[in-house]
Amino acid sequence: MQALLSSRVGSQLAGSGVLFAVLVLGGLAYASGGAPARDILVTQMLINAIMVIGLQIYIGNTGVLSFGHMGFAAISGYAFALLATTVERKARIVPDVPLGLDSVSLNPLAAAATAVVVTVVVGLVVGLGLARSGAKSGAVAATVITLALLFMVHEVGGAYADLTGGRNGISFSVGRGLDSRLWIYVALIAAIVVARLFKSSRIGRLAQAAREDDLAARAMGISPARGQMVALVLSVAVVSVAASLRVFQLGTVAPSTFFFDYTLLTLVMLIVGGRNSIAGSVLGVALMTVVDETTRHLADVEIDGGPAEALDIVLRPGLTDIVLGGSMLGFMIFRARGLIEDWEIDHWLRRRFGRAEAVPEPLRAAPTPEEAQLSVVDITVDFGGFRALEKAGLEASNLEVVGLIGPNGAGKTTLLNVVTGLVEATGGSATLTEQSAGGPEACPIAGAQPFEVARAGLARTFQNLRLFPALTVRENVNIAALVASRHRPGGDRPSVEQLLVHAGLWEMRDRRARELDYGNARRLELVRAAALSPVYILLDEPTSGMSNVESVDMIDEVRALAAAVGAGVVVIDHDLAFITGVCDRIYCLDQGRVIAAGTPEEIHADPQVQAAYLGAAAAGPAG
Amino acid sequence: MIDLVQSLIDGLGRGSIYALLALGIAVIFGVMHMVNFAHGELITVSAYVAFAVGVTAGWGWWAAVPLVFCAAVGTSVAIEFIAFRWVRGSSDFTMLLTSFAVHFLVQAIFVMTMGASVRSFPRPEWADRVWSVGDLNIQVIDVAVIGATAATLAVTVYLLQRTMFGISLRAAAEDFDAARLMGVRSNKVIRRAFILAGALAGIAAIFFLMRTGQARPTTGLSPLLKGILAAIIGGLGNMRGAVYGGLLLGVSEVLLRSWLPEDLVGITDGVVFALIALFFIFRPQGLVYVRSAERV
Amino acid sequence: MLEVSGLTTRYGAISALRRVSLSVGANEVVGLIGPNGAGKTTMLNTVAGLLRPAQGEVVLDGRPVTGYSPDRMLRSGLALVPEHRRLFAQMTVVENLRIGGVTVSADERAERLDEMVELFPVLKDKWATAAGYLSGGEAQQLAIARALMSSPRIVLMDEPSLGLAPVLVDFVFDLIGRLRTEGRTMLVVEQNATRLLDVADRAYVLRTGEIAAQGRASDLLAREDLFDTFVGVSDRPDSSALPQA
């Protein structure tokens, strides 16, 4: 038992089971001994739970707000209805149905399965579109594409009566097959398990990283499109199963079955509970079902005269929508992350029953790596008439620490951005040459996508800190290790745990990155870059905002970390005490050109460097 | 050729209303970075005001005109004050859902107080009149809409280009903090943006309601959607783009209606949505796009 | 005119400014210099109201204005020319100027416009050009002119020479000198320390969020030991401790 609960997947399965049991038993307890209406309510709640978990898989993991999932649900619902309805009935309701559907009648299970396949195919097409439009967390274009889908399906549902039965839709009775709640239970537990496993799967976690910070994720070797695609397909599959069940349970499908009202209901359930948590989604479903039912109950109460008459106005139909809309508004204003942010039952199970974690071995320096060479040659960058870099370049071996200094606006960060693929150079080249078994291997990196550069072995940090704020400290580093394990194969690298201990972050490994103080956040970004097991770590102002004492400490940290993962370092900084202490060689940039290169001593003595900092007056006839 | 001209006139008539709504959505997006899903509710409120004026009070349609306009402006300001003020500067996700929630709340309030049924109110009798010029059949209301929209846009352009209000608004849309450094008050400029958006929606509502003559809780949904799509086609936040987007949407709807095969005419809107989705896939930044550098 | 005392500003848990005090007298040009990351921009942004101070007081003309919003600060007579200028790139030159005078009456605005044309003749030729198409020097003039439109009693400038070609840097410092002879009150942040000290009356040296030195510009310029601070260079890590003024 303990072994099960301390293993990752085991505890997740157990947690999913607990979640399922709590929801189902709670529902059954409410339904037992009550009116049949209660039974129907519980059935609806369970179906809604499947639907909301389907939404969670996409919205939660990618952070893209989709209004279109009810469009997918509608496609599935119609497909199911058309396939499952008897031939005779179809001849009456939709006599001119195209595609030869008039002669098809499947059993409900086969109809539902076919509906899932059809919907997933549509989902794939839409997903390709979303990927093409560069959907990212909070991007409006992605939301609009999904909205257009919802309305398109709704329009077709209402107007293409030959296929859909028009405004009245298709009502049917399927006889037998799906008539017990068994299939709902099966679908629900499957949905919970799929969602839970996906959330902790490699692809799911990479998608969450992209959700938290798209740019940082790309600079770490993550291509966001793939995670979104997988999330969408899984999500659409779950949603379409739920849609078939809903249509089956209602006995009818019409344009209004899956439209704005149902979108609102399911979104509120998702948001209230916490969109990043499966437990939260289920909690939201249960909670909103209770609230919904209570208001409905209130609205049905007969009031005969007396003081209660004043209440009449609030008890009319529409109250439910007010409660739903109000809940959404309230949560957006006061608690946008929902009741549970991203907690799952298995977190608790593992802590309660699992084994305590041992503090890992301290970090040892890696054996001297094969030599590699980063050559950046003649890079020129124009920003609409403004020349940010003019034939700038640098050479760095992975056995040294190279510094990049220069006054504000000299082009240091731009150079780093060119090397990491975030800015396109007008001219010049950048090449990473690694020694491999078959001799030196040159890999051109200028012009590559950021995630390709990261996979080639260049890890970077950002001037203004780009952590994944909602993820834990350990998960931040884990994400990098995940990318490394796939794209940076090779020898034994330090474990994530060792790196955390090394950076002094072990004690706070389960805290969210956004809760860290500044110094630790900087350290975390550094460790995260190191966990990519890069050939080079590129640091953009690692000491900015640090006090003198802290930045002196940073010298040792950077050097020790580079040694531990066997990586070279290219570092931009303004703190010359730090740069002088940490670097073997320094390049000085001014006005987009390299004006000096050499050891720290040479740089300090260089008249051009002094001129660049002190201004033309002190420079004399230097240029 | 005649067909094409006919379609153009019909399309501009439709598109004008979309353009006015889209412009309002763009103005609000400019200052708040929020896609306002509650914008259509201005039309819903206006519709019930028109119903109250025309049926309950029994006045003529001309009396509804100023009141509908005021209702749209008042509602716009009220919604900002009650809801949007509190989520200023939040994530896009939060703001989208906030306006979505307001959309539903307004709708639900009308379901509760007025019921879900359709309420009809009198329309001006000239609204259905048709002028025949040669082979062209021109609806009077189309001419009125196009004229009024042109005038409204002219006034709006004047406001935006020449008055301090317009300059502040554009400055705030471009760089909110820099505008504050110039002395522009955030509350004031946002409130005024909502007044302008409400006024534009008010003009749109007047003609939209003259055409339909109906009020129900979901009245605003369809125009809202077209307005949002038009604003986004034009490149969100781009005011000129929003107007082009609206007109383009109107004209392409009418053209599609005349080009589509008989049995697909019913789903013209569906086809339009599909085309829009396709458009975004290939040009997610919209028609008119102003490049801004991403700070790393 | 401007008295700042004990100002502390935090970004999350870290203090970007620690109990910084400085003052600017009427008709005085005061420089604020120091290495990058010392907190110069934070200082100006806090004083101008873009950032909220955790502690400390800002007093303008004897009136406490701590924690005012930027627009209220401007109405109190303090204008900021922000880092990177932040012009409204899609708006024309004249529109940029007019927005600078949004707080004054229409008549006064017209007067100021004439004044700016006189002060910066080059802007007249570009009257209807979008600010995004101006050259670096023109853009900097516009940014300064825009700030002067509200007739502020004190102007804060953040790195006016940033990103300009050397010949334009000369021009900007000439401009600051010119404004000084006009009797304008200014607090200027510059990385180009020696150039700024040439045109300033007094200066403060900021280092890691604290005032490390202060004095008359000419005195500071003569102090060899501050060379490090201007450049941010030091031979050894432990030499970063600065003499306290």
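These numbers come from a predicted model, not from an experiment.

The rules we used
Residues numbered from 1 in each chain as written. Chains lettered and ligands numbered in written order. Predicted model: local features only at pLDDT ≥ 70, side-chain atom pairs only at ≥ 80, totals over all residues. Heavy atoms only, no water. Helix = DSSP H or I, 4+ residues; strand = E, 2+ residues; numbered from the N terminus. Rg over C-alpha atoms; globule rule 2.2 N^0.38 Å. Buried < 20%, exposed > 50% of the residue type's maximum accessible area, 1.4 Å probe, protein only. Areas by Shrake-Rupley, 256 points an atom, 1.4 Å probe, with all protein chains shown as cover. Contact = heavy atoms within 4.5 Å. Pairing = 2+ DSSP bridges. Axes fitted to C-alpha atoms, helices over the stretch in contact; angles between N-to-C directions. pLDDT = per-residue confidence, 0-100. Buried area = accessible area lost by both parts, 1.4 Å probe. Salt bridge = Lys/Arg side-chain N within 4 Å of Asp/Glu carboxyl O. Polar contact = N/O pair within 3.5 Å; in protein donor to acceptor, adjacent residues only side chain to side chain. Nonpolar A, V, L, I, M, F, W, Y, C, P; charged D, E, K, R; others polar. Expected span 1.5 Å × (residues − 1). 1 Å grid on protein atoms, 1.4 Å probe; cavity = no way out; pocket = protein on both sides within 12 Å on 5 of 7 lines; lining within 4 Å. Points joined across faces, edges and corners; volume = space filled by probe spheres on them. Phe/Tyr/Trp six-rings, centres within 6.5 Å; stacked < 30°, edge-to-face > 60°. Left-handed = near helix turned anticlockwise from the far one by under 90°. Core = buried A, V, L, I, M, F, W, Y, C linked by side-chain atoms within 4.5 Å.

(A) Quick look at the overall build of chain B. The number of helices and strands found in chain B is eleven helices and four strands. For 296 residues, the compact-globule estimate of 2.2 N^0.38 gives 19 Å, and the C-alpha radius of gyration of chain B, at 19 Å, lies within 12% of that figure. Considering only C-alpha atoms, chain B reaches an extent of 60 × 45 × 35 Å along its principal axes. The buried share of chain B, reckoned over its 296 residues, is 58%. As presented, chain B carries roughly 11600 Å² of accessible surface, and 64% of it is formed by carbon and sulfur atoms.

(B) Inspection of the overall build of chain C at higher detail. When you go through chain C residue by residue, the secondary structure sums to ten helices and ten strands. By the burial criterion, 58% of the 245 residues in chain C qualify as buried. Within chain C, counting contacts between residues at least 6 apart in sequence, those at least 24 apart form 67% of the total.

(C) Structural view of the sheet that holds strand 8 (residues 186-190) of chain C. Residue and element names in this part refer to chain C. On the basis of which strands lie adjacent, the open sheet formed by six strands has the order 6-7-8-3-9-10 and mixed pairing. Bordering the open sheet on either side are strand 6 (78-81) and strand 10 (210-216), each of which pairs with just one other strand. Each strand of the sheet is rotated relative to its neighbour by a mean of 15°, with strand direction disregarded. Bridging between strand 3 (residues 29-33) and strand 8 involves five bridges; their strand directions are parallel. Bridge assignment links L32 to a residue of strand 8, and that residue is V189. Those strands touched by helix 6 (residues 136-148) are strand 6 and strand 7 (154-158), and its axis lies near 170° from that of strand 6.

(D) Structural detail: the confidence of the model for chain C. Here chain C shows a mean pLDDT of 85. Residues at 70 or above account for 89%. Between residues 231-245 of chain C, whose pLDDT stays under 50, and residues either more than four places distant or in other chains, the model counts 36 contacts.

(E) Seen up close, unusual backbone geometry. Within the chain, H33(B) stands out as a residue other than glycine whose phi angle is a positive 55°. Here H33(B) shows up in the loop between helix 1 (2-32) and helix 2 (41-56). A relative accessible area of 45% means that H33(B) is categorised as partly exposed. Backbone geometry places N27(C), a non-glycine residue, at a positive phi of 60°. Mapped onto the secondary structure, N27(C) falls in the loop between strand 2 (14-24) and strand 3.

(F) The arrangement of the interface of chain A and chain B in detail. The interface of chain A with chain B comprises 52 residues on the first partner and 43 residues on the second. Summing both partners gives a buried area of about 4200 Å² for chain A against chain B, and 81% of it is carried by carbon and sulfur. Run the count over chain A and chain B and you get zero salt bridges. Joining chain A to chain B, the criterion identifies zero residue pairs in polar contact (both at pLDDT 80 or more). Those elements giving two or more residues to the side of chain A that touches chain B turn out to be helix 6 (108-132), helix 7 (140-159), helix 13 (260-273) and helix 15 (319-334) of chain A. Per-element tally for the side of chain A that touches chain B: the top contributor is helix 7 of chain A, with twelve residues. Of the residues that constitute the side of chain A that touches chain B, the class distribution is 33 nonpolar, eleven polar and eight charged.

(G) Seen up close, helix 4 (residues 92-114) of chain B. If you check helix 4 of chain B, its first and last C-alpha atoms are 33 Å apart, about what 23 residues at 1.5 Å a residue would give, namely 33 Å. Burial analysis of helix 4 of chain B places 18 of its 23 residues in the buried class, which makes it a mostly covered element.

(H) Spatial organisation of empty space enclosed by the protein. All names here are of chain B. Enumeration over the complete set of coordinates arrives at 14 cavities of 30 Å³ or more. As a volume, the largest cavity reaches approximately 150 Å³. If you go around the largest cavity, you meet 15 residues; those closest to its centre are A50, W61, A64, F121 and M210. Mapped onto the lining of the largest cavity, the elements with two or more residues apiece are helix 2, helix 3 (61-82) and helix 8 (186-212). If you tally residues by element for the lining of the largest cavity, the top one is helix 3, at four residues. Its residues placed into classes, the lining of the largest cavity shows twelve nonpolar, two polar and one charged.

(I) A look at the packing of aromatic side chains. The full count for this structure, using the stated rule, is 16 aromatic pairs over all chains. Each ring, one from F259(A) and one from F260(A), has its centre 5.3 Å from the other, and the planes form 35°; the classification is tilted. The two residues F259(A) and F260(A) agree in class, both being buried. Aromatic pair F260(A) and F104(B): ring centres 6.0 Å apart, planes at 35°, arrangement tilted. On the criterion of chain membership, the pair formed by F260(A) in helix 13 and F104(B) in helix 4 is interchain, its members lying in two chains.

(J) Broad picture of the packing of helix 1 of chain B against helix 5 (residues 140-162) of chain B. All names here are of chain B. Viewed as axis vectors pointing N to C, helix 1 and helix 5 meet at an angle of 35°, and their least axial separation amounts to 9 Å. Once helix 1 is placed against helix 5, the crossing between them reads as left-handed. The segment helix 1 lies against helix 5, with I9, D10, L12, G13, S16, I17, L20 and L23 engaging D142, V145, I146, T149, T152, L153 and T156. Residues belonging to the contact of helix 1 with helix 5 are distributed by class as follows: eight nonpolar, five polar and two charged.

(K) Geometry of the layout of surface pockets. Space inside the second largest pocket adds up to approximately 1400 Å³. As for the second largest pocket, its lining consists of 42 residues, of which R216(B), T218(B), T219(B), L221(B) and S222(B) are closest to the centre. Every element with two or more residues in the lining of the second largest pocket is listed here: helix 7 and helix 13 of chain A together with helix 1, helix 4, helix 8, helix 9 (221-233), helix 10 (239-259) and helix 11 (268-282) of chain B. Take the lining of the second largest pocket: its biggest share by element is five residues, from helix 9 of chain B. Residues that form the lining of the second largest pocket fall into these classes: 18 nonpolar, eleven polar and 13 charged.

(L) Quick look at the nonpolar core. Ranked by size, the top nonpolar core spans 232 residues in total, and within it L188(A), F258(A), L97(B), F100(B) and L2(C) carry the most contacts. Ignoring anything within four residues of it in the chain, the contact list for L188(A) reads F20(A), L23(A), V24(A), L46(A), A49(A), I50(A) and I53(A). With 60 residues, the next largest nonpolar core counts M220(A), I222(A), L467(A) and I586(A) among its residues.

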